[in-house]
Amino acid sequence: MMAETPAGAVALWFDGEVAAGRLTGDAAQRQAALAFDRLLKRLAAPPPRRRLLGLIPVGPTPAARGLYLWGGVGRGKTLLMDRFHAAAPVDRKRRQHFHAFMADMHDAIAAARRAMAAGDPRDPVEIVARTLADDVRLLCFDEFSVTDIADAMLLGRLFGRLFDLGLTLVATSNVAPDRLYWNGLNRASFLPFVGLLKERCEIVHLRGGADHRLEGLSAADVYLSPLGPATDAAADRLWSSLSAGGEEACDLRVKGRLVHVARAAGRRARFTFEELCDQPLGAADYRAIARRFDLLMVTGVPRLAAGERNRAKRFITLVDVLYDAGRGLLLTADGEPADLYRAAEGNEAFEFARTASRLVEMRTEAWLHRTADGSRQQPPAA
């Protein structure tokens with residue numbers, strides 16, 4: 001039996017971190033900490049149980065109302081949720097990135113279908129929901145962002161059962177519930193899940209403020225050149241700061257394929273030039289990356305020879321997608337933008353001249369600030 005968590009655990013921790021100078025806090029963040037404390041109280045309180053003839057408890061323990069915390073990048077949402085997760089007086093709890101969780105659920109449902117005998121009338125989603133609810137009472141999602149139609153269609157069915165089976169959901173996101181899966185295919189079928197989410201979770205908006213992880217980052221940090229050990233070391237230091245010391249791999253589903261991201265940290269990702277431009281990737285893949293991440297670091301951009309048309313074309317397409325979406329781009333490159341590709345005369349030369357111009361704009365303070373304050377649009381679904 002776990003000891004009861006004292007009320008105010010998250011807010012008291014937050015106040016202590018700010019007082020010690022380890023955090024730069026603000027009033028909106030403290031209000032979010034208080035929202036987590038309210039949920040701690042709900043989890044610690046004995047839940048009401050339905051009783052047969054007023055004596056025998058029946059059915060699963062009702063879920064405590066969860067929390068959906070949304071706001072701009074770098075506002076401390078994940079930090080607060082992790083503190084809450086550590087303090088939560090629950091034995092069966094799990095903290096997982098949303099996209100990793102959904103990949104696990106799709107795999108589990110496929111496995112359930114394979115294990116079922118022909119003609120078995122059971123619903124594999126029901127099987128997976130019951131298995132999960134047996135293992136987890138509190139589920140904490142980081143970076144809740146629905147961009148895939150398969151995820152969108154599964155969420156309502158899965159969480160309708162999970163909530164009924166007593167699961168409490170906590171999620172952080174960059175968008176309000178009503179903006180989830182915005183402009184997605186068949187979005188009308190997804191809207192019941194939005195209503196369910198708003199019913200089962202307290203919705204808290206972490207308003208305003210700056211991306212604290214970008215504080216101190218200047219245009220000089222955005223484009224590092226030339227390539228070499230000093231540039232590599234500077235990029236590593238910058239990534240360590242931006243990733244807050246933690247990263248994980250993930251896969252993005254694009255038209256039935258998986259695009260592997262080896263180094264992701266929340267809404268940021270780090271790639272090598274080879275990973276993005278030496279692989280058979282196209283605009284749909286880059287749009288999926290731009291939907292999932294707000295800021296990309298791309299290292300090792302070489303000077304391309306005139307005959308390296310495929311690599312150059314992919315790089316042009318990547319920059320175009322990130323530029324149109326207003327995403328942040330940090331590069332290590334072997335020269336200034338105009339020197340990275342010496343194309344022959346004609347359309348290729350024009351296209352790369354535009355790319356070079358965009359790279360110059362994307363390394364300015366104005367672009368960096370635009371990236372930091374959330375003035376971005378969502379790329380269309382692939």
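Parameters and conventions
- Residues numbered from 1 in each chain as written.
- Predicted model: local features only at pLDDT ≥ 70, side-chain atom pairs only at ≥ 80, totals over all residues.
- Heavy atoms only, no water.
- Axes fitted to C-alpha atoms, helices over the stretch in contact; angles between N-to-C directions.
- Helix = DSSP H or I, 4+ residues; strand = E, 2+ residues; numbered from the N terminus.
- Parallel < 35°, antiparallel > 145°, perpendicular 65-115°, else oblique.
- Left-handed = near helix turned anticlockwise from the far one by under 90°.
- Contact = heavy atoms within 4.5 Å.
- Nonpolar A, V, L, I, M, F, W, Y, C, P; charged D, E, K, R; others polar.
- Buried < 20%, exposed > 50% of the residue type's maximum accessible area, 1.4 Å probe, protein only.
- Pairing = 2+ DSSP bridges.
- Salt bridge = Lys/Arg side-chain N within 4 Å of Asp/Glu carboxyl O.

In the nomenclature of an unreviewed UniProt entry, the chain is known as Cell division protein ZapE of Pleomorphomonas carboxyditropha.

Their axes nearest at 9 Å, the elements helix α4 (residues 98–115) and helix α5 (residues 124–135) cross at an angle of 120 degrees. With respect to their mutual orientation, α4 and α5 come out oblique. Regarding α4 and α5, the two cross each other, and that crossing is right-handed. Note on element contacts: α5 touches α4 through Pro 124, Val 125, Val 128 and Leu 132, opposite Phe 101, Met 105, Ala 108, Ile 109, Ala 112 and Arg 113. For the contact of α4 with α5, a count of residues per class yields nine nonpolar, no polar and one charged.

It is worth spelling out the pairing of strand β3 (residues 66–71) at this point. Burial analysis of β3 places six of its six residues in the buried class, which makes it a mostly covered element. Both faces of β3 are covered, namely the face carrying Gly 66, Tyr 68 and Trp 70 and the face carrying Leu 67, Leu 69 and Gly 71. Taken together, the six bridges between β3 and strand β7 (residues 201–206) define a ladder with parallel strand orientation. The residue bridging Leu 69 from the neighbouring strand is Val 204, located in β7.

Turning our eyes to something else, we now look at unusual backbone geometry. With an omega of 0 degrees, the peptide bond between Ser 225 and Pro 226 qualifies as cis. With respect to the helices and strands, Pro 226 occurs in the loop between β8 (223–224) and α9 (229–242). Its identity as a non-glycine residue notwithstanding, Tyr 181 has a phi of 55 degrees, on the positive side. Summarising the element assignment, Tyr 181 is placed in the loop between β6 (168–173) and α7 (191–200). For Tyr 181, a relative accessible area of 5% puts it in the buried group.

All right, on to the pattern of salt bridges then. Enumeration over the complete set of coordinates arrives at 29 salt bridges. For Arg 122, the salt bridge goes to Asp 120, with nearest N and O atoms at 3.0 Å. Relative accessible area serves as the criterion here: at 23%, Asp 120 is assigned to the partly exposed category. Between Glu 336 and Arg 363 there is a salt bridge; the shortest N-O distance is 2.9 Å. Taken as a pair, Glu 336 in the loop between β13 (328–333) and α13 (347–362) and Arg 363 in the loop between α13 and α14 (365–372) lie far apart in primary sequence, 27 residues in all. You can call Glu 336 partly exposed: its relative accessible area is 40%.

What follows is about the sheet that holds β13. If you walk across this open sheet you meet the six strands as β8-β13-β12-β11-β10-β9, and the pairing is mixed. Here the strands that pair on one side only, and so sit at the sheet edges, are β8 and β9 (248–254). Note that strand β10 (residues 257–265) and strand β11 (residues 268–272) share three bridges and pair antiparallel. Each bridged residue has a counterpart across the sheet, and for Ala 264 the counterpart in β11 is Ala 269. Seen against the sheet, α9 touches β8, β10, β11, β12 (295–301) and β13 and runs at an angle of roughly 155 degrees to β11.

Our next topic: the sheet that holds strand β4 (residues 93–97). Hydrogen bonds along the backbone pair up the strands of a sheet, which may run parallel or antiparallel. The strand order across the open sheet built from five strands is β4-β5-β6-β3-β7, with neighbouring strands paired in parallel fashion. Of all the strands in the sheet, the pair left with one neighbour each is β4 and β7. Neighbouring strand axes in the sheet, compared pairwise and without regard to direction, differ in orientation by 15 degrees on average. Direction of pairing for β4 relative to strand β5 (residues 138–142): parallel, over a ladder of five bridges. Its bridge partner lying in β5, Arg 95 is registered against Cys 140.

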